[in-house]
Amino acid sequence: MNYEIIVVGGGHAGCEAANAASKLGFKTALITANIKNIADMPCNPSIGGTAKGIIVREIDALGGLMGKVADKSHFQIKMLNNAKGPAVRSLRAQADKITYPNNMLKELQSIENLDIIEAMVEDIIVKDKQIKGVILENKQEIACQALILTTGTYLKGTILVGDTKTPGGPHGEKRSNFLSDALKREGFTIQRLKTGTPQRIKKDSIDFSQMQEELGSPEPLTFNHDFPACYIPSEQEKCYLLYTNEKTHEIIRQNLSKSSMYGGYVEGVGPRYCPSIEDKIVRFSDKERHQLFLEPESKYYDDWYLQGFSTSMPYDIQEQMVHSLKGLENAVITKYAYAIEYDAIDPLQIKASLETKLVANLFTAGQINGTSGYEEAAAQGLMAGINAANKLRNKEPLILKRNEAYIGVLIDDLVTKGTKEPYRMLTSRAEFRLILRHDNADLRLRKYGYEQGLITQEQYQKLLNKEQKIAELKEFLQNNKLKITPEVEEAFKSQNLSVSNMSLSLEQLVKRPGITIVFLQQFFSINYPKDIIEQVEISIKYDGYIQKTYKEVDKLLKLESKQIPKDIDYSKVKNLASEARQKLQQVRPETIAQATRISGVNPSDISILSIYLKKEYNKNE
Amino acid sequence: MEDTICAISTSLGVGAISIVRLSGPEAIAITNKIYKGKDLTKVESHTINYGHIYENDKIIDEVLVSVMRAPKTFTTEDVVEINCHGGIASTNKILELLLTNGCRLAEPGEFTKRAFLNGRIDLIEAEAVSDIINAQTENSRSLAINQLTGELSRIIQNLRQEILSLMANIEVNIDFPEYEDAEEITHNVLKPKLKDIKAKLLEILNESNNSKIIKEGIDVAIIGRPNVGKSSILNSLLEENKAIVTNIAGTTRDIVEGSIILAGIKINFIDTAGIRKTEDLVEKIGVDKSLATIDKADLVILVLNNNEKLLPEDQELLTKIKKKKHIIFVNKCDLSSTLTLSEDIKNEIIRGNTIEPNGLNDLKKAIVEMFNLESFSQKDLTYLSNARQISLVKRAIKIIDEVEEQLNNEVPVDFLTVDIKNCWDLLGEIIGATYKDELIDELFSKFCLGK
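### Structural notes on the interface of chain A and chain B
- Listed by partner, the interface residues are 47 residues for chain A and 38 residues for chain B.
- Summed over both sides, the interface between chain A and chain B buries roughly 3,500 Å², with carbon and sulfur atoms accounting for 53% of that surface.
- Area buried by chain A at its contact with chain B is led by A:Lys84, A:Gln291 and A:Tyr545, which between them contribute 17% of it.
- Remark: the boundary between chain A and chain B carries 10 residue pairs in polar contact (both at pLDDT 80 or more).
- Residue assignment for the side of chain A that touches chain B shows that the elements contributing at least two residues are strand E4 (74–80), strand E17 (291–296), helix H18 (543–560) and helix H21 (603–617) of chain A.
- Here the side of chain A that touches chain B gets nine residues from one element, more than from any other, and that element is H21(A).
- When its residues are assigned to classes, the side of chain A that touches chain B shows 17 nonpolar, 15 polar and 15 charged.

### Some remarks on the nonpolar core
- In terms of nonpolar packing, the biggest core is built from 101 residues, with A:Ile6, A:Ile47, A:Val134, A:Leu147, A:Leu183 and A:Ile407 touching the most fellow members.
- Contact partners of A:Ile6, with chain neighbours within four places excluded, come to A:Ala29, A:Ile31, A:Val134, A:Ile142, A:Ala143, A:Cys144, A:Ala146, A:Leu147 and A:Ile148.
- Of all hydrophobic cores here, the second largest spans 77 residues; its members include A:Ile538, A:Tyr570, B:Ile399 and B:Leu427.

### Comments concerning the pairing of strand E6 (residues 79–85) of chain B
All names here are of chain B.
- Burial analysis of E6 places six of its seven residues in the buried class, which makes it a mostly covered element.
- Two strands pair when backbone bridges link them, and strand E2 (residues 17–23) and E6 are joined in this way by seven bridges, in the antiparallel orientation. Paired with Val20 across the two strands is Ile82, which belongs to E6.
- Both strand E5 (residues 58–68) and E6 contribute to a ladder of five bridges, which runs antiparallel. Bridge pairing in E6 links Ser66 to Glu81.

### Remarks on the packing of aromatic side chains
- For the coordinates displayed, the defined rule picks out 11 aromatic pairs over all chains.
- Ring geometry for A:Phe208 versus A:Trp304: centroids 4.8 Å apart, planes at 55°, classification tilted. Here the residue A:Phe208 occupies a position in the loop between strand E14 (200–202) and strand E15 (212–214), and A:Trp304 occupies one in strand E18 (residues 303–307), the gap between them amounting to 96 residues.
- Note on A:Phe208: relative accessible area 18%, which makes it buried.
- Where A:Phe476 meets A:Phe524, the ring centres are 5.3 Å apart and the plane angle is 90°; that geometry is what we call edge-to-face. Highlighted residues: A:Phe476 in helix H13 (residues 457–479) and A:Phe524 in the loop between helix H16 (517–521) and helix H17 (530–541), separated in sequence by 48 residues.
- An aromatic cluster is defined as three or more aromatic residues linked by ring pairs; in this entry it consists of A:Phe208, A:Tyr240 and A:Trp304.
- Between A:Arg429 and the ring centre of A:Tyr423, over which it is positioned, the NZ or CZ distance is 3.9 Å.
- The aromatic ring of B:Trp424 is capped on one face by B:Arg160, whose charged end is 4.0 Å from the ring centroid.

### Some remarks on the sheet that holds strand E7 (residues 104–105) of chain B
All names here are of chain B.
- Read from one edge of the open sheet, seven strands run E3-E4-E5-E6-E2-E1-E7, paired in mixed fashion. Strands at the two margins of the open sheet, each flanked by one partner only, are strand E3 (35–36) and E7.
- Where helix H3 (residues 110–117) meets the sheet, it contacts strand E1 (5–8), E2 and E7, and its direction lies at approximately 135° from that of E1.

Rules and cut-offs
- Residues numbered from 1 in each chain as written.
- Chains lettered and ligands numbered in written order.
- Predicted model: local features only at pLDDT ≥ 70, side-chain atom pairs only at ≥ 80, totals over all residues.
- Heavy atoms only, no water.
- Contact = heavy atoms within 4.5 Å.
- Buried area = accessible area lost by both parts, 1.4 Å probe.
- Polar contact = N/O pair within 3.5 Å; in protein donor to acceptor, adjacent residues only side chain to side chain.
- Helix = DSSP H or I, 4+ residues; strand = E, 2+ residues; numbered from the N terminus.
- Nonpolar A, V, L, I, M, F, W, Y, C, P; charged D, E, K, R; others polar.
- Core = buried A, V, L, I, M, F, W, Y, C linked by side-chain atoms within 4.5 Å.
- Buried < 20%, exposed > 50% of the residue type's maximum accessible area, 1.4 Å probe, protein only.
- Pairing = 2+ DSSP bridges.
- Phe/Tyr/Trp six-rings, centres within 6.5 Å; stacked < 30°, edge-to-face > 60°.
- Lys NZ or Arg CZ within 6 Å of the ring centre and 35° of its normal.
- Axes fitted to C-alpha atoms, helices over the stretch in contact; angles between N-to-C directions.

Next comes the structure, spelled out in structure tokens:
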């Protein structure tokens, strides 16, 4: 048996990788230990969230599946940060844990070039530092030209509850025992990471009347750029907000020694942004209460996800903890909270294309690279799929820059800074977030999707039309003024808006607080669609800040253009701090800009490096 | 950075002793080649050695040579300092001998640059080194030394920390919008916080104006009609203080008649020759010059003659100095009084003559009080002290001004983070914590040769 590209693992990274590789024309196999777990959501029942929602938009803009599938599979969707600026708005959908994987599987099964194989991969075949294939548990060999590993938490996965450790995946499935050893054999540094998930509660046992309702947004919203919303906003399911109390905290404090974390049973490093409840109570002991959310997992079964209550306490303590919560006094726990430890590689050992530095044509994506989250995984899967294809068709890899996409920030962070805890995307990681918005993902990235071959001519034409309309509306606003008539005055007054200085162009008027294009449209015979108006209005109202960001982008691109020769010998650069020298040696940044982002490399090291490069490499300039 | 550099690190011809400094791996060996005394390659580190510099068999100078081995030296390299007699000829000769024996002449600021690049000092400290070299009074020296020990760096770091935690809080609001654990930074919360940060920056800036006084002194113009006794007042002031009476270039690019030190601060008397010449040939030029002098001076002393009536020219000068810090000195009070002055300027007047010390002492006291000079020697001198640092703080303040304006325009907080981050970066530039590509080379090219 042989394939051009093999993807190992059927999670969110694997699905996108398999989709991209096969749609780009390569004979692809997706090997998963269990077809039932394709696109499984073992943790929270949601897709998106701050920053993550923008990643899903980017995946869609590039031609990936996650956005499209999520739109068909949720029972609530919400625009987060709606009250804040447009740059930090982000979608989050409560996805149905049955529907989403089903819809994803359907998508994958409809792809001609793609085979889905149910098997456990235990080893990789490497010859002359190049990937040649995989070996299954039954010793069968499957040859390939490129391999994408998206193994999630299954590499030596261990489930932890209290002081008990059970080898296995999130649902108690078989784990991969030998693959991480194979990677170690090839020279990879393996690190142990940890993540956790909270309890699931039986719906009938919850007294929702004690909790506060959390509703979806009232207007129809979608991740994808091509199809309208296929749900009725008023019929969305509710989520609920509840709080911990002093009794909960007391139970936790008294039983701290029984928690795997505090009892010292855990070796993996957990994420700071997703602390267990015992962690929250120890670290923020002055807080009287912590928020928790109850979210439905599916329409097809009765489990509700208790977000914010993740813990590694033993079952009996978990019972006490849950029952101390208001509305959950009689709750039935259908699944206890657990922590999971797993092997990951050091992402400093992969390139920005997600190909590993050690083995040619071997790509890695998702949790194996040290990230956390469905969206982060999917984004890497998509890029690994595209770039494995590019490798085989002798094309340059697609590497998104930090000023182009959150996906660019994600991958650059991983391969430049590495990570010691599961990496989650945050808007604060993106220094250019004002231009990396939810609303402009297609304007930023569709052209790349089209160039790569994942976006159709029809989709691309739609983008071009949109760009044209945006330009048209901008021009209209620049070239027109508002005549003051009694109706205009009346309309302004009713909105509490001043009618002074009306000789300005409409563009100038839009800069004023409170004046929107929709409001001005009524005085002219124009009627642009919402997405066009949104783009133009943001570009006018926040022009000053967007220009500032572009200036910063220019600075970055200037540093980004300062290439560091691939053959540089850092031991010859005198006076570098030893930590900086070691880090530079390890990361081998391609540009000065990338070097500035390596932690442990200080500004003075960068000056020394720049001076060295000038002296050694630009002698003739 | 493997070569050995050398330079004369004292001002040529000024002191009785000149120092020629070397830094680099060959510093000791090269010196040893032209030195007779103990074998310098064998002496202990941080020792001073007596001997002679020779050219072939000819003695050039009698010298003390300090040998300091890496890494505990200013540049962290081997450093040698040759203390020789201060004549221009012999100092230059020693430099020349070092150059012919394998040293390279240091570029301006190269010793400090090496210290910085070798991680010995941070940027602000590097700048302080150049200040110490140029310091002329005890106060300015201690200001520079304070910077060298990192006091200012610490203050800026604290301020950056404050801005950083504000930014972190905003980021938490954005990334975890549904969590109540962090305070929501709304416009109303942001306003007082920014005001506070701005106040602290303004304080640093205000104090840096003081730092200008410490480093450069106070420029005083003595003006008045001819023959009211300006020159004799000046001479009495200068002679009594045994001050430098040669014409030396002042920092304001004016010709300074001479300087005295009052309460540790340099008082520079600016030449007002222009006014003296007004009655001669070039009347217009003279008037212009006097106006310009009044304009530039930190303090104007108008001298009037007690023995004469107030003339229209006096009246004119009285009007001109109104907007400036000024003192009216009524001279020749040992003679009979025919001068009448209006009551409202009574407090601005000091009376005296150049024969008895009392009046001039009152004048000096008035200057000390007017600029609160006593306070300088008591304060912790931790101010920003050069144009680069001051302009960075000014830019940071300007950014906060802009943010405050945008707050009124209802610009969302997440946009304002762009400015707040920028402010943080600017402060980082002061202490070299933010990487600026061209900064380093530009900075070091401005340093004086030698250090």
